[in-house]
Amino acid sequence: MKHKILVSGGTGYIGSHTIIELLRSGLFEPIAVDSCIRSTPETLDRIEKVTGIRVKHYKIDICDKKSFFDIFKKEEDIAGVIHFAAFKCVPESVAQPLMYYRNNLGSLENVLDACGKFGVRNLIFSSSASVYGDVKDLPVTENTPLGVPFCPYAHTKQIGEQMIHFCAEQNPELQSVILRYFNPVGNDMSGLIGELSPDKPNNLMPIVTQVAIGKLPKLTVFGTDYDTRDGSCIRDYIHVCDIADAHVKALQFLLDGKNASNCETFNLGSGKGVSVIEMIDAFEKVNGIKLNCVFGERRPGDVPAIYSDSQRANQLLGWRCQHDINDMVESAWKWEKQLNGEQRN
Ligand code: NAD
Ligand code: WQD
């Protein structure tokens, strides 16, 4: 029998890709729970196009405890929850901190409460490399001390991790994995599904593709005087399908009882640092496009360089990145073109 997995944030960017990988594994029956406040239900059509399977969806706000608990009453045998649902935009979190604490921590509180009350034994939580803050010693391992939170968003991830640790201590039945993603980019290689970024995106890759398609006039490289090999910032970009695959592996790890403690933490990165200029070059070369690009000032709050040591996930989860930077830029562009075609029709 397939394991029934509740995927909160299942119509979002990483959630939808993870649903696809859960379906591809043939071992799981994912159920999406998403209010669609930052996504659309059409994502379910896209998942169906890619996999041939229609996924069940509950369109509710997870902060609404009654509606959320009703799902567990109806779907009796939920084996695990993957909790993606959250707000994730750093500048928005600075502008509206309470909205971030309320949504990111309120939803997690209900997830933890439901796991306890309905006897759900397995939990995977989306955390972020932002919990590390400005790190000097690279690469970053799971033992690198957490930094001073640089924004409310990063703070919600630090508090969220701590909430899970305390609940795992109190409830030994609950087996949990915390995954700290570095910079997820790219989309399913089919080009049929991908990130629905806001009109004014903040992250590098959606800005690159929107400049390439002509939705945005130009791309500014934020800072060229950093102490890095070409003066621009270095990040650890990781293909979203590799992130998705790690969730499937993490679930299997828990279901097989391979976890040494009931709250395990893993970094998810490629382990390679790539500069902004290198990313732009790769996009131009792989896709045969020249981007309208200018060099500008540093963006406040940016750290010069951060990349992960992901050996722990490699060894314990048996997980490895299957996609390189070329796949990231190729799939990002393929999706932007597909989306643009749909919006014009
Ligand atoms: P996303 O915005 O595409 O997906 C999040 C989904 O959660 C959306 O579909 C949204 O509608 C839903 N949602 C939010 N609050 C909800 C609520 N209260 N009830 C029901 N649904 C709700 O974001 P994503 O990129 O897929 O990120 C998923 C998770 O990964 C988040 O927790 C995010 O913080 C974390 N993360 C993302 C990145 C990244 O760069 N994308 C990096 C590190 C960590
Ligand atoms: C990447 C690099 C920019 C836009 C953030 C969050 C982090 C995580 C991922 C959720 C940086 C440069 C960007 C542009 C540029 N999210 N850049 N011109 O800041 O590493 O991480 O998203 O958890 O928590 O902090 O990602 O994509 O914004 O930037 O030069 O127009 O691209 O300076 O060096 P970041 P990003």
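You'll find the structure just up there.
Because the structure is predicted, anything quoted here is derived from the model rather than measured. (Residues numbered from 1 in each chain as written. Chains lettered and ligands numbered in written order. Predicted model: local features only at pLDDT ≥ 70, side-chain atom pairs only at ≥ 80, totals over all residues. Heavy atoms only, no water.)

Asker: Help me out: how do you make sense of the overall build of the chain in this one?
Answerer: The helix and strand tally for the chain stands at 11 helices and 13 strands. Over its C-alpha atoms the chain spans a radius of gyration of 19 Å, differing by no more than 12% from the 20 Å that the globule rule assigns to 345 residues. Taking the principal axes of the C-alpha coordinates as reference, the chain spans close to 55 × 50 × 40 Å. When burial is assessed residue by residue, the chain has 55% of its 345 residues classed as buried. (Helix = DSSP H or I, 4+ residues; strand = E, 2+ residues; numbered from the N terminus. Rg over C-alpha atoms; globule rule 2.2 N^0.38 Å. Buried < 20%, exposed > 50% of the residue type's maximum accessible area, 1.4 Å probe, protein only.)

Asker: Any chance you could explain the site of ligand 2 here in plain terms?
Answerer: Ligand 2 sits among 19 residues. The nearest are Tyr 153, Leu 204, Thr 220, Arg 235 and Asp 302. Contact distances for ligand 2 include 2.6 Å between an oxygen atom and a side-chain N or O atom of Arg 235. The separation between an oxygen atom of ligand 2 and a polar side-chain atom of Arg 299 is 2.9 Å. Starting from 690 Å² of accessible surface for ligand 2 in isolation, the protein chains cover 88%. When residues of the shell around ligand 2 are traced back to their parent elements, those giving at least two are α7 (204-213) and β8 (219-222). The leading source of residues in the shell around ligand 2 is β8, at 4 residues. Here the residues of the shell around ligand 2 are counted per class, giving 10 nonpolar, 6 polar and 3 charged. (Near = heavy atom within 4 Å. Polar contact = N/O pair within 3.5 Å; in protein donor to acceptor, adjacent residues only side chain to side chain. Areas by Shrake-Rupley, 256 points an atom, 1.4 Å probe, with all protein chains shown as cover. Nonpolar A, V, L, I, M, F, W, Y, C, P; charged D, E, K, R; others polar.)

Asker: Help me understand the site of ligand 1 in this model?
Answerer: Taken together, 28 residues are adjacent to ligand 1, and Asp 34, Ser 39, Phe 84, Asn 103 and Tyr 153 come closest. One nitrogen or oxygen atom from the main chain of Gly 12 is found 3.4 Å from an oxygen atom belonging to ligand 1. At a separation of 3.2 Å, an oxygen atom of ligand 1 approaches a polar backbone atom of Ile 37. When isolated, ligand 1 has an accessible area of 830 Å², and the protein chains bury 94% of it. Looking at which element gives the most residues to the shell around ligand 1, the answer is strand β5 (residues 122-128), with 3 residues.

Asker: Which parts of the structure should I look at to understand empty space enclosed by the protein?
Answerer: Where empty space is left becomes clear once a probe the size of a water molecule has been rolled over the atoms. Scanning all chains against the criterion turns up 1 cavity of 30 Å³ or more. In this model, the largest cavity occupies a volume close to 50 Å³. What lines the largest cavity is simply His 83, Phe 84, Ala 85, Ala 86, Asn 104, Leu 105, Leu 108, Phe 125, Thr 156, Lys 157 and Gly 160. For the lining of the largest cavity, a count of residues per class yields 6 nonpolar, 4 polar and 1 charged. (1 Å grid on protein atoms, 1.4 Å probe; cavity = no way out; pocket = protein on both sides within 12 Å on 5 of 7 lines; lining within 4 Å. Points joined across faces, edges and corners; volume = space filled by probe spheres on them.)

Asker: Just checking my understanding: could you explain the sheet that holds strand β11 (residues 263-268) for this structure?
Answerer: The strands making up a sheet associate through backbone hydrogen bonding, with each pair oriented either parallel or antiparallel. Across the sheet, which stays open at both edges, the 7 strands sit in the order β3-β2-β1-β4-β5-β6-β11 with parallel pairing between neighbours. The two strands at the open ends of the sheet, each matched to only one other strand, are β3 (56-58) and β11. Across the sheet, the mean angle separating the axes of adjacent strands is 20° when strand polarity is ignored. Examined bridge by bridge, β5 and strand β6 (residues 175-181) share 7 bridges and lie parallel to one another. Within the sheet, the bridge partner assigned to Ile 124 lies in β6 and is Val 177. Against the sheet, helix α5 (residues 97-117) engages β4 (78-83) and β5, with an angle of about 165° to β4. On the sheet, helix α8 (residues 240-255) packs against β1 (3-8), β2 (28-33), β4, β5, β6 and β11 and is oriented at approximately 160° with respect to β6. (Pairing = 2+ DSSP bridges. Axes fitted to C-alpha atoms, helices over the stretch in contact; angles between N-to-C directions. Contact = heavy atoms within 4.5 Å.)

Asker: Explanation requested: the nonpolar core in the structure shown.
Answerer: Within soluble globular proteins, side chains that are nonpolar tend to cluster in buried spots. Of all hydrophobic cores here, the largest spans 37 residues; its most connected members are Ile 124, Val 177, Leu 179 and Leu 268. Residues within four places of Leu 268 in sequence aside, it is in contact with Leu 179, Arg 180, Tyr 181, Phe 182, Ile 238, Ile 243, Ala 246, Ser 310, Ala 313 and Trp 319. Residues Ile 60, Cys 115, Leu 123 and Ala 168 belong to the second largest nonpolar core, which totals 26 residues. (Core = buried A, V, L, I, M, F, W, Y, C linked by side-chain atoms within 4.5 Å.)

Asker: Hey, could you run me through the pairing of β1 in this one?
Answerer: By the criterion of burial, β1 is predominantly enclosed, with 5 of the 6 residues buried. As paired elements, β1 and β2 share 6 bridges and run parallel to each other. The partner of Val 7 across the bridge, within β2, is Ala 32. After leaving β1, the chain enters helix α1 (residues 13-25) and then returns to the sheet as β2, a path that is right-handed. In terms of strand pairing, β1 meets β4 through 5 bridges, oriented parallel. Each bridged residue has a counterpart across the sheet, and for Lys 4 the counterpart in β4 is Ile 78. (Right-handed = clockwise from strand over helix to strand, strands pointing away.)

Asker: For this particular structure, what's the right way to read helix α2 (residues 42-51)?
Answerer: An α-helix turns once every 3.6 residues. As a result, residues three or four positions apart point the same way. Three or more residues of α2 are buried, namely Thr 43, Leu 44, Arg 46, Ile 47 and Val 50. Relative to the axis of α2, the buried residues are bounded by an arc of 155° and lie together on one face. Buried-residue contacts for α2 involve α1, β2, β3 and α11 (325-344). A positive phi of about 80° marks Gly 52, the residue just after α2. (Arc of directions from axis to C-beta.)

Shape descriptors only; they carry no functional weight alone.
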